[in-house]
Structure formats: C-alpha cells, structure tokens
Amino acid sequence: GSGTIQIMPPALFRQFQHDYHLIKGHGLKVEVLNQGPAGRKTLLNKWRDQPHSRPQVVLVSKQIFKVVWQDLYFLGFTNTHFDESHLGLQQSDSQIAKALRAFINQHDENRLTLSTGTPLPNQIRNGFATLNLLYPEIYRTQGAFDSTHVTFKKIWIPDPRRPGETRTIQVVDSYYNLEYLSQVLYWHAVWASKLQVLNLETPNVQIIECDLSTPHRKLYHKVMNERLLEVDGEIIDARAAQKLRQVALQLISVPEQFEDNFDPNNNSVYSTVEALLDSINTDKEKVVLFSNYVRTVDSLAHRFKSLHPAKVYGPNGPARNALEIERFHEQASCRILIAHPAAGGVGAKLGDVATTLIFVEPVSTPGLFDQCLSRIMLIGQKEPVVCYIVNVRGTISPLATENM
C-alpha cells in the first residue's frame, strides 16, 4: 500500500521498466522522475492533487533523490531501494548518505534496502558509510570503525610548502577483526547470483592468450622503464600507481599513441581480435567489444571500419550513444558495437542481437566485468553466451585480467 522509491543509475531506467513489465500480474505502476526542476514540480503536484495517478514505484537517480525525497515521503513513499548503492556510499558524509539517513529517521516504518555487488567499494574503510546506515548503533563514527578494524602507520613525504623539508602523514597499514566485520556486514544481507535468480545458461568465458610482437614488446619495455625511472626513489601514491597501470594497459592496445611511426600490423592485440572476429564469422553474428579507454574505442573503430562499428562511449554523450545502440540493433551492415564500460556497461540491452562479447582490455573491477557481461545475458536469453578475454603474456595484462 505504500510507495517505493527506486534509486538507480539513469542508464538503467529503460531496462528496468521493460523487464518489470515482463513480469505478469503485479499490477504496479512504474514511473520515472528524471525531468528538470519545473517538470518534476508539475508531476509531484499532480500526484498530490490526484492521488489515483500516483505510481507505486518511482525511479530516480541518486542526484534527484537528494532533492525530492521529502516530497515523495509526504506523498506516501516509505520504502527506498538503492541499486548499485556503492556508487553513492563511499563516504558517510556524502550528500546521498545524508539524505538516506534523513529518510530513515523520518519514521520507524520507513524502510531502506541496499543492493550492490561491491559493499566495500575501494577499500575496507569505505564500508563504514553503508554500515552506519544499516547499524548506526554499532559504528557511530568513522573513528569508531577505524579503532575496531584499522591500524595506521606514519610515513614521511616532501612538504610542498617547505622545499627540502618533509612532513608526516598517516596511511592505512593493515586491517584486523575482519571476521567480525564480515558478520556485521552480512548480518541481515541476502546474497544471490544472477544464475540463481534467472533461467540462463552459464556463460562460456575463454581467456585468449597472445604475445606481443617483437617491435611491440620492445616499445612496451622501453616506455615502462622510462616511466619507472621517472618515479624511482619517490613515494608512489595510489594515483601515481593507477596512472602507471593505465599507461601499461594502453601501451598494450594502442602502441601507436606512444610511437608515431609504429606499424599497426605489429599490434598483437588487434591481430588477435581480428582472428577472433574471423572465427566468429561477423557476416552471420554481431559482436560486442569492450575496451577500457576512449583511445582504444576510436582506434578499434578505425581498424574495423569495414564492419561499420557502433561506438558507445563518453565523448558521444547519452543521446548519441542511444542512437548508436539503436543502429547496432537495426542496421544490418553494423556488425560490431565497441563500448567503453562506463557508457555501455549498464542499461544497454544487446542480448537480442549479440551473444558474443570480447574484452579487448580488462575492465577495472569484477563488478564492472559482470555489468558488461550482463548486456548480452538478460531475461529471456535463448542462446548460449560466449565471452572472450584477450590476455597478453609478459605484460601487466594477466594481473589486470585476474583482478577483473
């Protein structure tokens, strides 16, 4: 009898509505609240003045939830379900965390459900934001959480304000009491895999090994050695380490970005992808390719332009990406879709036209890997799904693939 607020990434709205309507007999009205301020105000006023028009489920982004949760609460929405909750709960003082706490505290009957495949987004300390929402009596502050689970150490770094001098900072040294933390985190949690919930065949995931060509390998080691020498003897913080990882992965897939006269025929990764596409037979089957960098999307599109690729990535913007996905569905000559996981890894429904997926580069997390795979593995899937992961030996690729 009470309404439910469904918080999710806007890219999922269309898929959620479509799949929800496939479920028979629920009788629930689902609407999206994603308009501009004037449009939202008009819709909220309509629901207030005409109660019969109010939906039982309203879909909002986390950005809009922060603005409209009070209006929805006073309209009778007393349940909130936050999908992909780790995207908003990395810090307990974030605006979305504050809004969720305020919603819960309005009334004892208010209910909050969090859904995520990544309850600890980046590091164990990030778990406090979620736990503080669910069990505020256990960990009331970040300090209380840290004193229960974290040990710190001091390190000395150059002081940018005093050349030649150093200053001390505290960094995480180790974690402890993790068994207790796990018990608390999953106290009232339910774990389920997609294969338990949906009637789908287990995907056939194959790791395709390849080696760099001799010129490619020489370039890889030359650039990596130069980059390592630049930071030798200095403290490498997380951002620098991440940058080094990005350079290494891009060296593997787009070496021409690092050497102007690099022969594209020596690009081992693209040669492997080309062989895979030939074996799949793109005349008969459409294929989805995921790459983790914008440069790689453009480079792949140029390399395989004869297949009239659709491109789904950040530079396009949402409207253009939607048109590219539509073109992949409807245009017979468009045989491949090349996507960046941030743009094409959620929301897009591709399983009705493609059952084969190639990861040209490893994505950054297991959750993102699952999201990308889910684009061709959805409700109603009839054909077996095949996933290929290109893994380049002698580089950072095997470690990144293992992490994925």
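Here's a quick rundown of the structure. (Residues numbered from 1 in each chain as written. Predicted model: local features only at pLDDT ≥ 70, side-chain atom pairs only at ≥ 80, totals over all residues. Heavy atoms only, no water.)

Examining the overall build of the protein
Move 1: Within the protein, the regular secondary structure consists of 16 helices and 13 strands.
Move 2: Across its three principal axes, the protein shows a C-alpha extent of roughly 70 × 65 × 40 Å.
Move 3: For the protein, buried positions account for 44% of its 404 residues.
Move 4: For the protein, long-range pairs separated by at least 24 residues make up 71% of all intrachain contacts whose partners lie at least 6 apart in sequence.
Move 5: Total accessible area computed for the protein in this model is approximately 21500 Å², and 51% of it derives from carbon and sulfur atoms. (Helix = DSSP H or I, 4+ residues; strand = E, 2+ residues; numbered from the N terminus. Buried < 20%, exposed > 50% of the residue type's maximum accessible area, 1.4 Å probe, protein only. Contact = heavy atoms within 4.5 Å. Areas by Shrake-Rupley, 256 points an atom, 1.4 Å probe, with all protein chains shown as cover.)

Examining the sheet that holds strand β4 (residues 77–83)
Move 1: The 5 strands are arranged β2-β3-β1-β4-β5 in an open sheet whose pairing can be described as parallel. Only two strands of the sheet have a single neighbouring strand rather than two, namely β2 (30–32) and β5 (111–115). Averaged over neighbouring strand pairs, the angle between their axes works out to 20° when direction is ignored.
Move 2: Across 5 bridges, strand β1 (residues 3–7) lies against β4 in parallel orientation. Its bridge partner lying in β4, Gly3 is registered against Phe77. (Pairing = 2+ DSSP bridges. Axes fitted to C-alpha atoms, helices over the stretch in contact; angles between N-to-C directions.)

Quick notes on helix α13 (residues 318–330)
Move 1: If you check α13, its first and last C-alpha atoms are 18 Å apart, about what 13 residues at 1.5 Å a residue would give, namely 18 Å.
Move 2: For α13, the full list of buried residues reads Asn321, Glu324, Ile325 and Phe328. All buried residues of α13 lie within an arc of 100° about the axis, which places them on one face of the element. Opposite the packed face of α13, turned more than 90 degrees from it, sit the exposed residues Ala319, Leu323 and Glu330.
Move 3: In this structure, the buried side of α13 is in contact with β9 (286–290), β10 (310–312), β11 (336–339), α14 (341–344) and β12 (354–359). (Expected span 1.5 Å × (residues − 1). Arc of directions from axis to C-beta.)

Remarks on the side chain of Ser268
Move 1: Turning to its location among the elements, Ser268 is positioned in helix α11 (residues 268–280).
Move 2: Note on Ser268: relative accessible area 9%, which makes it buried.
Move 3: Looking at Ser268, its side chain comes within polar contact range of the main-chain nitrogen of Ser213, at 2.7 Å.
Move 4: Look past the residues within four positions of Ser268 in its chain and what remains in contact with it is Cys210, Asp211, Leu212, Ser213 and His216. (Polar contact = N/O pair within 3.5 Å; in protein donor to acceptor, adjacent residues only side chain to side chain.)

The values are spatial; any link to function lies outside them.
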